[in-house]
Amino acid sequence: MIILGIETSCDETSASVVEDGNKVLSLVTNSSFRLHAQTGGIIPENAARKQLEYIIPTINQALTTVFGDTSSQKLLSKIDGIAVTVGHGLLGPLLVGVETAKTLSLLANKPLYTINHAQGHIYGAFLGKSQTLTFPLVALVVSGGHSDFYLLNSHADISWIAGTRDDAAGECFDKCARVLGLPYPGGPEISKRAGEFISQNPNTPLTHLPRPLSHQQTEDLSFSGLKTAVLRGKENFETNRFCAEIQEAIVEALLEKSLAVDRRIQPRQFVVCGGVASNKRLKEKFEKTFSDRLVISDPIYATDNAAMIASCAFYTKHQASPLEVQADANAVLGN
Ligand code: KG4
Ligand code: ZN
């Protein structure tokens, strides 16, 4: 079964053709992050305008890469369905993908599958790997908009376990970078500088910043206090060293609560996904802890991409009528 996936929930316009849920035949992603780097963060209206500019060429390229340079009608005849992210995300950007997918579904007379963005991230963790989803599994979704634990007992039985009380982990990386005058998005920049510091100073303890909610009963996370501590402490350290401190505090907070959730639920798999899962330090620490029960997204499938959306649609088959589908900026996953 061949599914065309479409993802436009934030600043990436992505389209992908995926066969049987795990064979990625094409993945094309155009990002407007350079535009947002100029404003130090995303202005939703600007992101939506870029989605409009990119959406048709991106879908066209994803299809022609696989099926050759032919008419749109022929291209669409080769696929078995269309999957699109309906929420959560920024409304303007979401609307571009959702309305395009509805139109294509109606014109080509192909089923339309609606996907929750966070659930898409979970399925993205399995792309490029031989592992398959093994229930029950716990997933930690860590991105610019999420720091949440979910329990999946099946493709359809999903419940929310715990999550951040304020900022998401990716948001914390981005805000700390802004405080230090580093470019957007902050995660990759902090991670690069932290990596440089750690490789030159492997034995320096990185313990100067607080681990929020550490040693407390709760499985919740919190990252807003860390940003305040960074604001106060930034004069005391050289930038790369401070980046290593920030990264360590975030990764350790995520690991401590992951261990608590894992101990209580004892799932068969522990999945880590979302943009922050491409952080190398995080990967090292989680691999050490969870060994072969861990499934962590490869970097190309960790940040927003449409292959994860097409993959999720193959397994969940969450079909909807194109005449009724609506974008939902505040969609939540699980009950
Ligand atoms: O999943 P994603 O592409 O978009 C959302 O759904 O939010 O995640 C983007 C987030 C950004 O906050 C970015 O700074 C963070 O992921 N990120 C990273 C790294 N790469 C991306 N954070 C830490 N280390 C990285 N290497
Ligand atoms: Zn995302």
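Please read these numbers as outputs of a predicted model, since none were measured by experiment.

What counts and what doesn't
- Residues numbered from 1 in each chain as written.
- Chains lettered and ligands numbered in written order.
- Predicted model: local features only at pLDDT ≥ 70, side-chain atom pairs only at ≥ 80, totals over all residues.
- Heavy atoms only, no water.
- Pairing = 2+ DSSP bridges.
- Helix = DSSP H or I, 4+ residues; strand = E, 2+ residues; numbered from the N terminus.
- Contact = heavy atoms within 4.5 Å.
- Axes fitted to C-alpha atoms, helices over the stretch in contact; angles between N-to-C directions.
- Parallel < 35°, antiparallel > 145°, perpendicular 65-115°, else oblique.
- Left-handed = near helix turned anticlockwise from the far one by under 90°.
- Core = buried A, V, L, I, M, F, W, Y, C linked by side-chain atoms within 4.5 Å.
- Buried < 20%, exposed > 50% of the residue type's maximum accessible area, 1.4 Å probe, protein only.
- Near = heavy atom within 4 Å.
- Polar contact = N/O pair within 3.5 Å; in protein donor to acceptor, adjacent residues only side chain to side chain.
- Areas by Shrake-Rupley, 256 points an atom, 1.4 Å probe, with all protein chains shown as cover.
- Nonpolar A, V, L, I, M, F, W, Y, C, P; charged D, E, K, R; others polar.

1. Focus on the sheet that holds strand β2 (residues 12-19)
Taken together, 6 strands build an open sheet; the order of strands is β3-β2-β1-β4-β5-β11 and the sheet is mixed. A single partner strand is all that each edge strand has here, and the edge strands are β3 (23-31) and β11 (319-320). With 6 bridges connecting them, strand β1 (residues 2-7) and β2 associate as antiparallel partners. Paired with I3 across the bridge in β2 is V18. Sheet contacts for helix α12 (residues 307-316): β1, β2, β3, β4 (81-87) and β5 (112-116); angle to β1, the most-contacted strand, approximately 130 degrees.

2. With respect to the packing of helix α9 (residues 239-265) against helix α10 (residues 280-290)
When two helices pack together, their arrangement is given by the angle between the helix axes and by the axis-to-axis distance. The N-to-C vectors of α9 and α10 enclose an angle of 25 degrees; their axes lie 10 Å apart at closest approach. Taken as axis vectors, α9 and α10 run roughly parallel relative to one another. Note on packing geometry: the crossing formed by α9 with α10 is right-handed. Contact residues: α9 offers Q247, E248, V251, E252, L254, L255, S258, L259 and D262, while α10 offers R281, L282, K285, F286, T289 and F290.

3. Description of the nonpolar core
Core analysis: the biggest nonpolar cluster contains 46 residues, and L254, V272 and F286 have the highest contact counts within it. It is α9 that contributes the most residues to this core, 11 residues altogether. Not counting residues within four places of it along the chain, the set of residues in contact with V272 comprises A125, L140, V142, A277, L282, F286, L294, V295, I296 and S297. The next biggest cluster of nonpolar side chains, apart from the first, holds 30 residues, and it includes Y113, I115, A118 and A139.

4. Some words on the site of ligand 1
Around ligand 1 there are 20 residues in total, and G144, D174, G187, G275 and D304 lie nearest to it. With respect to ligand 1, the side chain of D174 contributes an N or O atom lying 2.7 Å from an oxygen atom. Interatomic distance of 3.0 Å between a backbone N/O atom of D304 and an oxygen atom of ligand 1. Contact with the protein chains removes 89% of the 550 Å² of surface that ligand 1 exposes when unbound. Among the elements of the structure, α5 (117-124), α6 (169-179) and α7 (186-200) are those that each provide at least two residues to the shell around ligand 1. Of the residues belonging to the shell around ligand 1, the class tally is 5 nonpolar, 13 polar and 2 charged.

5. Details of α5
Here α5 lies mainly inside the structure; 8 of its 8 residues are buried. Looking at α5, one finds that the buried residues are H117, A118, Q119, G120, H121, I122, Y123 and G124. For α5, the side-chain oxygen to backbone nitrogen distance between the N-cap and A118 is 2.8 Å, and the N-cap itself is N116.

6. Brief notes about the environment of D220
Summarising the element assignment, D220 is placed in the loop between α7 and α8 (224-233). Residue D220 is classed as buried on the basis of its relative accessible area of 19%. Through-space distance from the C-alpha of D220 to that of D166 is 10.0 Å; in sequence the pair is 54 residues apart. Ignoring sequence-local partners within four residues, the contact set of D220 consists of A162, G163, R165, L213 and K257.

Worth remembering: the numbers are spatial, not functional.
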